[in-house]
Amino acid sequence: MTSTDQQPRTTRTRRLGTTDLALVAGFAALVVVCAVLPAINVTGIVPITLQTFGVLLAGAVLGPLRGFLAVLLYLALGLAGLPVFSGGAAGFGVLAGPTAGYLVGFPLAAALTGYLVTRLPRGAAARNVPLVFLCGLVGSAVFIHTLGMAGLVLRADLTWGQAFDVDKVFWIGDVVKNVAMALVATAVHRAFPDLLHRRRAA
Amino acid sequence: MSLLLGTHRPGTTWLHRLPAGAKLLGLVLLGLVVVLVRGPVSAVVALVVAVGLGAYAGLTAREGLRTLRGLLLVAVLLGGFQVWNNGWARAVESVGDLLALVVLATVLTLTTPVDEVLDALVRALRPLRRLGVDPDRVALTISLALRAIPTTVAIAEETRDAALARGLERSPRARLVPLVVRVVSHARATGDALHARGVGDD
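Residues numbered from 1 in each chain as written. Chains lettered and ligands numbered in written order. Predicted model: local features only at pLDDT ≥ 70, side-chain atom pairs only at ≥ 80, totals over all residues. Heavy atoms only, no water.

Draft legend 1. The arrangement of the overall build of chain B in detail. Across its full length, chain B carries nine helices and zero strands. Ordering the α and β elements of chain B from the N terminus gives α-α-α-α-α-α-α-α-α. Scaling as 2.2 N^0.38, a compact globule of 202 residues should have a C-alpha radius of gyration of about 17 Å, whereas chain B reaches 22 Å, well beyond that. Dimensions of chain B, computed from C-alpha atoms along their principal axes, come out at roughly 60 × 50 × 35 Å. Every one of the 202 residues in chain B was classed for burial, and the buried ones make up 40%. Pairs at least 24 residues apart make up 74% of the contacts formed inside chain B by residues separated by at least 6 positions. Total accessible area on chain B stands at roughly 11,300 Å², and carbon and sulfur atoms take up 66% of it. Put simply, chain B has 22 plus and 15 minus side-chain charges, and the middle of one group is 4 Å from the middle of the other. (Helix = DSSP H or I, 4+ residues; strand = E, 2+ residues; numbered from the N terminus. Rg over C-alpha atoms; globule rule 2.2 N^0.38 Å. Buried < 20%, exposed > 50% of the residue type's maximum accessible area, 1.4 Å probe, protein only. Contact = heavy atoms within 4.5 Å. Areas by Shrake-Rupley, 256 points an atom, 1.4 Å probe, with all protein chains shown as cover. Lys, Arg positive; Asp, Glu negative; His and termini not counted. Charge placed at Lys NZ, Arg CZ, Asp CG, Glu CD.)

Draft legend 2. Molecular detail of the interface of chain B and chain A. Counting residues at the interface gives 59 residues for chain B, matched by 54 residues for chain A. Of the roughly 4,600 Å² buried where chain B meets chain A, counting both sides, 74% is carbon and sulfur surface. Summed over the shared surface of chain B and chain A, the number is one salt bridge. Taken together, the links from chain B to chain A amount to three residue pairs in polar contact (both at pLDDT 80 or more). Every element with two or more residues in the side of chain B that touches chain A is listed here: helix H1 (2-5), helix H3 (20-36), helix H5 (61-86), helix H6 (88-111), helix H7 (114-124), helix H8 (135-165) and helix H9 (172-196) of chain B. No other element matches H9 of chain B, which puts 16 residues into the side of chain B that touches chain A. Here the side of chain B that touches chain A is composed, by residue class, of 39 nonpolar, 12 polar and eight charged. (Buried area = accessible area lost by both parts, 1.4 Å probe. Salt bridge = Lys/Arg side-chain N within 4 Å of Asp/Glu carboxyl O. Polar contact = N/O pair within 3.5 Å; in protein donor to acceptor, adjacent residues only side chain to side chain. Nonpolar A, V, L, I, M, F, W, Y, C, P; charged D, E, K, R; others polar.)

Draft legend 3. Structural detail: the pattern of salt bridges. For the structure shown, the criterion picks out six salt bridges over all chains. Across the salt bridge formed by Asp194 of chain A and Arg188 of chain B, the nearest N and O atoms sit 3.2 Å from each other. Separated into two different chains, Asp194 of chain A in the segment after helix H9 (171-191) and Arg188 of chain B in helix H9 make up a pair that spans both. Using a relative accessible area of 33% as the deciding quantity, one classes Asp194 of chain A as partly exposed. Put simply, Arg90 of chain B and Glu93 of chain B hold a salt bridge, and the shortest N to O gap is 3.8 Å. With Arg90 of chain B and Glu93 of chain B both in helix H6 and three residues apart, the pair spans about one turn of that helix. Residue Arg90 of chain B is classed as partly exposed on the basis of its relative accessible area of 27%.

Draft legend 4. Molecular detail of a nonpolar patch on the surface. All names here are of chain B. Taken together, Leu25, Val28, Leu29, Leu32, Val33, Val35, Leu36 and Val37 make up a surface patch of nonpolar side chains, about 730 Å² in accessible area. Looking at where Leu32 falls in the secondary structure, it is placed in helix H3. Overall, Leu32 belongs to the partly exposed group, its relative accessible area being 47%. (Patch = residues over 30% accessible without salt bridge, like charges linked within 9 Å, V, L, I, M, F, W, Y side chains within 5 Å.)

Draft legend 5. View of the environment of Gly54 of chain A. All names here are of chain A. Tracing the backbone through its elements, the reader meets Gly54 in helix H2 (residues 51-62). Spatially, the C-alpha atoms of Gly54 and Val117 are 15 Å apart, while their sequence positions differ by 63 residues. Sequence-distant contacts of Gly54, defined by excluding residues within four places in its chain, comprise Val31 and Cys34.

Draft legend 6. Spatial organisation of H9 of chain A. Relative to the 30 Å expected for 21 residues at 1.5 Å per residue, H9 of chain A spans 30 Å between its end C-alpha atoms, a close match to the ideal helical length. Residues of H9 of chain A that are buried: Asp174, Lys177, Asn178, Ala180, Met181, Ala182, Val184, Ala185, Thr186, Ala187, Val188 and His189 of chain A. Packing partners of the buried residues in H9 of chain A comprise H2, helix H5 (100-118), helix H6 (124-127) and helix H7 (129-155) of chain A together with H9 of chain B. (Expected span 1.5 Å × (residues − 1).)

Draft legend 7. Seen up close, the side chain of Asp97 of chain B. All names here are of chain B. Mapped onto the elements of the fold, Asp97 is located in helix H6. You can call Asp97 buried: its relative accessible area is 8%. Residues in contact with Asp97, not counting those within four places in the same chain, are Val34, Ala43 and Val92.

Draft legend 8. View of the packing of aromatic side chains. Residue and element names in this part refer to chain A. By the definition in use, this model includes three aromatic pairs over all chains. Ring geometry for Tyr102 and Phe170: centres 6.1 Å apart, planes at 70°, overall edge-to-face. Taken together, the residues span a long stretch of sequence, with Tyr102 in helix H5 and Phe170 in the loop between helix H8 (160-167) and H9 at a distance of 68 residues. For Tyr102, a relative accessible area of 7% translates into the label buried. Overall, the relative accessible area of 9% leaves Phe170 in the buried class. (Phe/Tyr/Trp six-rings, centres within 6.5 Å; stacked < 30°, edge-to-face > 60°.)

Structural data, given as structure tokens:
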């Protein structure tokens, strides 16, 4: 993760400042709020919420390391017993349930999306909605959907084919959420041009 | 606000008084045993033990059913599917294992306040200090996130009202962009305030 850090000029690249900690905390809270907003239940197993919007947004806005940490913190709050997972679930029980794979995929997807956004050509993160959209799509395809299906296979004893059938229900919603994510992330980068390529607070 | 109280039920049993770290360790060990020991008999034994612990901790059937509501549907579907494909033994094993793990985890969640679980998690991070993880800063970030949840809910409501007043309640851009921009600027103000007081920087 350190190779993707955005401050090659300083030697203390691994140190996160207080503003970084506050951003990590703020986005963990934002994912909480996104996840507990009223859900649309399509399959009966995994309700659709803005949860993944918040997860991928954390990566696209904060970059790989802080995005990863923000989503990890969100998971920690949920595991500790706050009812912040979709459907108001909480506690370590969700790790035993069939949807655990999706949760495990969240921080990794945020990290990959954030990494890809930082690799975009200069200025693209603030202007190019389709490119940011693609970053989010790759992040969620590689980690959320793959690990989500793996979880269904391991914990619900489905075959990969059946897991794929469950998983594809979410694709359309995912594309829509990714469009929203790209629109919001680019707007936030225009409002705060130094979020990704930041200078250390003095 | 109920979101922040979590799902903890106060009580005085031995399970309530046991330190959170010991309960977490016990959950991990029991979870490993449940997953590693194959066969329908062990699954039934595990489920009986889990329900017994739940009853001892003062978990009423009504409370238990409410917590497991979402999962019971999955368990019924999964059970039917397994009987159809792999026979009774396999069905009892996978459904029994799943329910036992979730009940055990629910007992932990119900008998342990959220802050104690978080404290135990932070203590568990101590060995990672030499990798650059500072448990104190992790604890600071957790408390910042807990503080940020009600703030973010309030910001989300204000943003929704503002979009509503402009007749833009259906526009994701009008509802989400101001929310995220305000989350970022709130986090930056918090970071600056902490920095000014010398908290979290060293």
